[in-house]
Amino acid sequence: MTQKKRNLMLSLAAGLLFVAMCGVSINFIREVEHLLWENSVKNILESTARGATLFQRGYLKELEMLNMLAYDLGNGVSSNSDRIRDKLKTFLTRANSVSVLVFEDGSGFLDSGQAVMLTPEERERVDALRGKSGLLFPRQSRGLEGRTFTIYTSVTFSDGRGAVLFMGNEMESLYMEYTLSFYNNTGFSYIVAQNGDIAMHPVHPSCSQTFSNVFEIISEKENDAALVQSFRESLKNGRSGVAVFSNSEGEKNVFCYAAMPRMDGWSVVSIVPNAEIMREANAMIREALVICFLGIAGVLAVFLVYRRMNNSYQKQIFDLAYTDRLTGIRNFSKFTEDGDRLLRAPGAPRYAMLSIDMLNFKIFNDVMGYAEGDALLKEFPRFLKRNGREGALIARRMADRFVVLLPYRDREELITYCAGLSRSVRVFLASRELSYRQDLRVGICCVEDCDADPDVNALFDRANMALKAVKYEGGRGRALNFYDHAMRDKILREKHLETRMEEALSGGEFLIYIQPKYSLAPRGLAGGEALVRWKDRDDIFLSPGEFIPLFENNRFITRIDRYMLESSCRLLREWMAAGLRPLPLSVNVSRVQFYTPEFVDTYIRMKTEYGIPDGLLELEFTESISVENIELFNSVVRRLRQAGFRCSIDDFGAGYSSLNMLKDLPVDTLKLDGGFFRFTQDDERARTVVRHMLNLAGELRMGTVAEGVETPEQVEFLERAGCDVVQGYVFGKPMPAAEFAELLESAAGRADIA
Ligand code: C2E
Ligand code: MG
Ligand code: MG
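Residues numbered from 1 in each chain as written. Chains lettered and ligands numbered in written order. Predicted model: local features only at pLDDT ≥ 70, side-chain atom pairs only at ≥ 80, totals over all residues. Heavy atoms only, no water.

### A short note on empty space enclosed by the protein
Now for step 1: Using the criterion set out here, one finds 1 cavity of 30 Å³ or more in the structure.
Now for step 2: Together, Gly51, Ala52, Phe55, Tyr175, Tyr178, Thr179, Leu180, Ser189, Ile191 and Val268 line the largest cavity.
Now for step 3: Those elements that place two or more of their residues in the lining of the largest cavity are helix H1 (3-74), helix H4 (171-178) and strand E8 (187-192).
Now for step 4: Among the residues forming the lining of the largest cavity, the class breakdown is 7 nonpolar, 3 polar and no charged. (1 Å grid on protein atoms, 1.4 Å probe; cavity = no way out; pocket = protein on both sides within 12 Å on 5 of 7 lines; lining within 4 Å. Points joined across faces, edges and corners; volume = space filled by probe spheres on them. Helix = DSSP H or I, 4+ residues; strand = E, 2+ residues; numbered from the N terminus. Nonpolar A, V, L, I, M, F, W, Y, C, P; charged D, E, K, R; others polar.)

Set out below in structure tokens:
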């Protein structure tokens, strides 16, 4: 999944989570709102019921006290007015209340002792109460300022007179004791008669006392008639419960009612505006919401921070994984990804893959310093971009290796591109005043030459093969090389040889050929060089030029070298056993062999095992081995010479030979490369060089062997110039060991004759 897709998915998931959380929150809020409302209403109802119980209990206590007084009065001797006055005063006189005893004739006493006489209407009302006890609907009383809540009981004196005893409590004081208020005095409780008439109003200033019946604030229009009726029935039948009704303004009020059955079916009704209950609930919900919101915001913040960190972490990883540190351009992994996309794109132009190497860049670094080396490497991507067409994809493969996937029209364009690169490098170095020539080597594989599915890896492998081929040619070789079918055939051939080499070695397909060496003064066979030949199963001879570079690459050469040394040892032993005077045999030592840690020990052990006398085995090291690490070379050579090996420098003059170096090389023999003697007749300067070289070697007590000598003229020259030994077709080609043994025999014969 790409980064973009992953981000989209994450954002989507976060969005969904947010919506889901909002949905859950809204549902939760509704639920909480309902619960809170129910809870609040339950509390109001409970308070109301408690209030009702208290009020009723207070009433019953008062009534009982009144009944007891009535009983006491009735049991007295007579309705003697003094006694009555005295009793009333003692038992009923209190603040905010008034009591009165009224006889059947309408006369009576107040608790203060004052005599009263009722009006005919009052008498009529009192007459209706005779023989009963209970409460009266509050009304204005005569003795007190405001309305009173009055209870009464009947008295029958012992002299047969009847009376009614009243005790009225001032509403206000009563209310002080029993009133209930809710939600900051926005809701109150009322004492209501069965028909809904308000028996007692709260006295609180914020209570509007504009209605005298609870049904006045229940709008007929706004409410369901059945529900209103049911409430009416409940009040009438002394039931408790809760109802919600709107008033004429559409404002809802919650009615919580609790009956007082022993008070003529009166009830306590608490009326609280629904908005107030909700306000409280809403405040709690707001708090919950804030917490919820903070929670969601926190989760979102954590998520965002995580994403941000993750993105920047991913970017860092991406940069690390896909960018080259030094140059800042893409590395090969990214190049492969991007390149494959370009190659597969519909209507893609023709592409060529270029594998570019800075020839001997190690030397540039050594000579100019690493800072300059880095500067060139950093600048190089610009050259790669500048010299090519739009759409070139570039990357640094490693060290001094770059790759380019370049759209192109024809090969000429690619050649021009490479020339442009070289020019850019020259100009750059000149701009830094560096008098160094840094060459480039380029291997190119065009898409149409690719014999596999042309993806980046296939193209790069082939461009690289082309590059290897030109690098192999060294400093004087071509600057660029195109991968073609001949190269592919060569690669296939090499693959074939690689699969066969083990079997060939154990099956004896590698043969030892010996090329004789002749001394010039006196003339005679001086020895031979062991050279390997591969005679395959079909008796076809392969020349070392075909397989030695391959074996050097895959290190199989170390096995061949040891095999050749052992074969040489065996021959020398055979010849000695046959009574022949053996002559020195030289074997070649490859660079890979030289650098194997067990090299010297193995060679010395083998010489000892075969009991080869000192001086009969010579080891040839190519000149480049000695140049690479003179100290190591000298120590190795010293040990080998101590063990009785002779050592020589092979192909001297073919590479970077320096005469100056000769004095430091502790070798026995210098083998001069054949190229030295292929001069034209009148090339006197070249002759002088060879003459001096031979002289110098002689003075340094080194023997000299001229290799690749093909003509008698060359022999003549070498003889005059003081060369010791000649090896070349002029005297003999490399030959099978048996043939060489014959030469040995006849040479011995000749030696005997001489
Ligand atoms: P080298 O060690 O310099 O061997 C001399 C090469 O010059 C031989 O080629 C030989 O056949 C060739 N030669 C001799 N005289 C003449 C001449 O007059 N004219 C011309 N044009 N060439 C002449 P060969 O046998 O093909 O070997 C080539 C190279 O392969 C050798 O060069 C050596 O570097 C390597 N080689 C051969 N056998 C072995 C081996 O057993 N081990 C290792 N490490 N390398 C070997
Ligand atoms: Mg050699
Ligand atoms: Mg040689």
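### Let's talk about the coordination of the magnesium ion (ligand 2)
Now for step 1: Surrounding the magnesium ion (ligand 2) are the protein donor atoms Glu529 (OE), Asn588 (OD1), Glu620 (OE) and Asp650 (OD), at 2.0 to 2.2 Å.
Now for step 2: The motif formed by the donor residues of the magnesium ion (ligand 2), counted along the single chain, is E-x58-N-x31-E-x29-D.
Now for step 3: For the pair the magnesium ion (ligand 2) and the magnesium ion (ligand 3), the metal-to-metal distance amounts to 3.7 Å, and Asp650 bridges them. Separated by 121 residues along the polypeptide, Glu529 in strand E19 (residues 523-535) and Asp650 in strand E23 (residues 646-652) bring together distant segments of the chain.
Now for step 4: By relative accessible area, which is 5% here, Asp650 ends up buried. (Donors = N, O, S within 2.8 Å, 3.2 Å for Na, K, Ca; no water. Buried < 20%, exposed > 50% of the residue type's maximum accessible area, 1.4 Å probe, protein only.)

### A closer look at the site of ligand 1
Now for step 1: Surrounding ligand 1, one finds 22 residues, the nearest of these being Gln515, Asp561, Asn588, Glu710 and Tyr729.
Now for step 2: In this structure, Glu707 approaches ligand 1 through a side-chain N or O atom, which is 3.1 Å from an oxygen atom.
Now for step 3: A distance of 2.6 Å separates a nitrogen atom of ligand 1 from a polar atom in the side chain of Glu710.
Now for step 4: Burial of ligand 1 by the surrounding chains reaches 80%, relative to a free accessible area of 790 Å².
Now for step 5: Elements with a contribution of two residues or more to the shell around ligand 1: E19, helix H13 (544-554), helix H14 (557-577) and E23.
Now for step 6: When residues of the shell around ligand 1 are assigned to their parent elements, the largest contribution, 4 residues, is made by E19. (Near = heavy atom within 4 Å. Polar contact = N/O pair within 3.5 Å; in protein donor to acceptor, adjacent residues only side chain to side chain. Areas by Shrake-Rupley, 256 points an atom, 1.4 Å probe, with all protein chains shown as cover.)

### Topic: the nonpolar core
Now for step 1: With 80 residues, the main nonpolar core has Phe510, Phe551, Trp575, Phe621 and Leu718 as its most contacted residues.
Now for step 2: For this core, the element with the most residues is H14, which contributes 8 residues.
Now for step 3: Excluding its chain neighbours within four sequence positions, the residues that come into contact with Trp575 are Ile514, Leu580, Leu585, Ala737, Phe740, Ala741 and Leu744.
Now for step 4: Counting residues in each nonpolar core, the second largest holds 34 residues, with Ala70, Phe157, Leu165 and Met200 among its members. (Core = buried A, V, L, I, M, F, W, Y, C linked by side-chain atoms within 4.5 Å. Contact = heavy atoms within 4.5 Å.)

### Concerning the coordination of the magnesium ion (ligand 3)
Now for step 1: Taken together, the protein donors to the magnesium ion (ligand 3) comprise Asp650 (OD), Asp651 (OD), Glu707 (OE) and Glu707 (OE), at separations of 2.1 to 2.5 Å.
Now for step 2: Considered as a linear motif, the donors of the magnesium ion (ligand 3) on their single chain read D-D-x55-E.
Now for step 3: A relative accessible area of 11% places Glu707 in the buried class.

### Regarding the pairing of strand E15 (residues 401-407)
Consecutive side chains along a regular strand alternate between the two faces of the sheet.
Now for step 1: Counted residue by residue, E15 has 7 buried out of 7 residues, so it is predominantly covered.
Now for step 2: Looking at chain direction, strand E14 (residues 393-398) and E15 are connected through 5 bridges and run antiparallel. Looking at E15, one finds that Ala395 is bridged to Val403.
Now for step 3: Where E14 folds back on E15, the antiparallel hairpin that results is connected by 2 residues, among which Ala399 adopts a positive phi of roughly 35°. (Pairing = 2+ DSSP bridges.)

### Section: the packing of helix H20 (residues 684-699) against helix H21 (residues 712-721)
Describing two packed helices takes the angle between their axes plus the distance from one axis to the other.
Now for step 1: With their axes 9 Å apart at the nearest point, H20 and H21 run at an angle of 45° to one another. In terms of orientation, H20 and H21 fall into the oblique class. Remark: the crossing between H20 and H21 carries right-handed chirality. Contacts from Arg687, Val690, Arg691 and Leu694 in H20 reach Phe717, Leu718 and Ala721 in H21.
Now for step 2: When its residues are assigned to classes, the contact of H20 with H21 shows 5 nonpolar, no polar and 2 charged. (Axes fitted to C-alpha atoms, helices over the stretch in contact; angles between N-to-C directions. Parallel < 35°, antiparallel > 145°, perpendicular 65-115°, else oblique. Left-handed = near helix turned anticlockwise from the far one by under 90°.)

### Regarding the confidence of the model for the protein chain
Now for step 1: Looking at the protein chain as a whole, the pLDDT averages 89, with 97% of positions reaching at least 70.
Now for step 2: In the model, residues 749-754 has pLDDT below 50 throughout and makes 1 contact with residues more than four positions away in sequence or in other chains. (pLDDT = per-residue confidence, 0-100.)

### Brief notes about unusual backbone geometry
Now for step 1: A cis amide bond links Ala521 to the next residue, Pro522, at an omega of -5°.
Now for step 2: You can see Pro522 is positioned in the loop between strand E18 (510-520) and E19.
Now for step 3: Within the chain, Glu433 stands out as a residue other than glycine whose phi angle is a positive 55°.
Now for step 4: Relative to the helices and strands, Glu433 resides in the loop between helix H10 (411-431) and strand E16 (440-446).
Now for step 5: Residue Glu433 is classed as exposed on the basis of its relative accessible area of 74%.

### Brief notes about the environment of Lys132
Now for step 1: Inspection of the secondary structure puts Lys132 in the loop between helix H3 (120-127) and strand E4 (134-140).
Now for step 2: Residues Lys132 and Thr153 lie 21 residues apart in sequence; the distance between their C-alpha atoms is 5.9 Å.
Now for step 3: If we ignore the near neighbours within four places in the chain, the residues touching Lys132 are Tyr152, Thr153 and Ser154.

### Some thoughts on the sheet that holds strand E2 (residues 107-110)
Now for step 1: Spatially, 6 strands are ordered E3-E2-E1-E6-E5-E4 in an open sheet, and the strand pairing comes out antiparallel. A strand with exactly one partner marks an edge of an open sheet, and here the two such strands are strand E3 (115-117) and E4. When the angles between neighbouring strand axes are averaged without regard to direction, this sheet yields 30°.
Now for step 2: In the sheet, strand E1 (residues 97-103) pairs with E2 via 3 bridges, with the strands oriented antiparallel. Residue Val100 lies in a different strand from E2, and its bridge partner there is Leu110.
Now for step 3: Against the sheet, H4 contacts E4, strand E5 (147-156) and strand E6 (162-170), and its axis sits at roughly 60° relative to E6.

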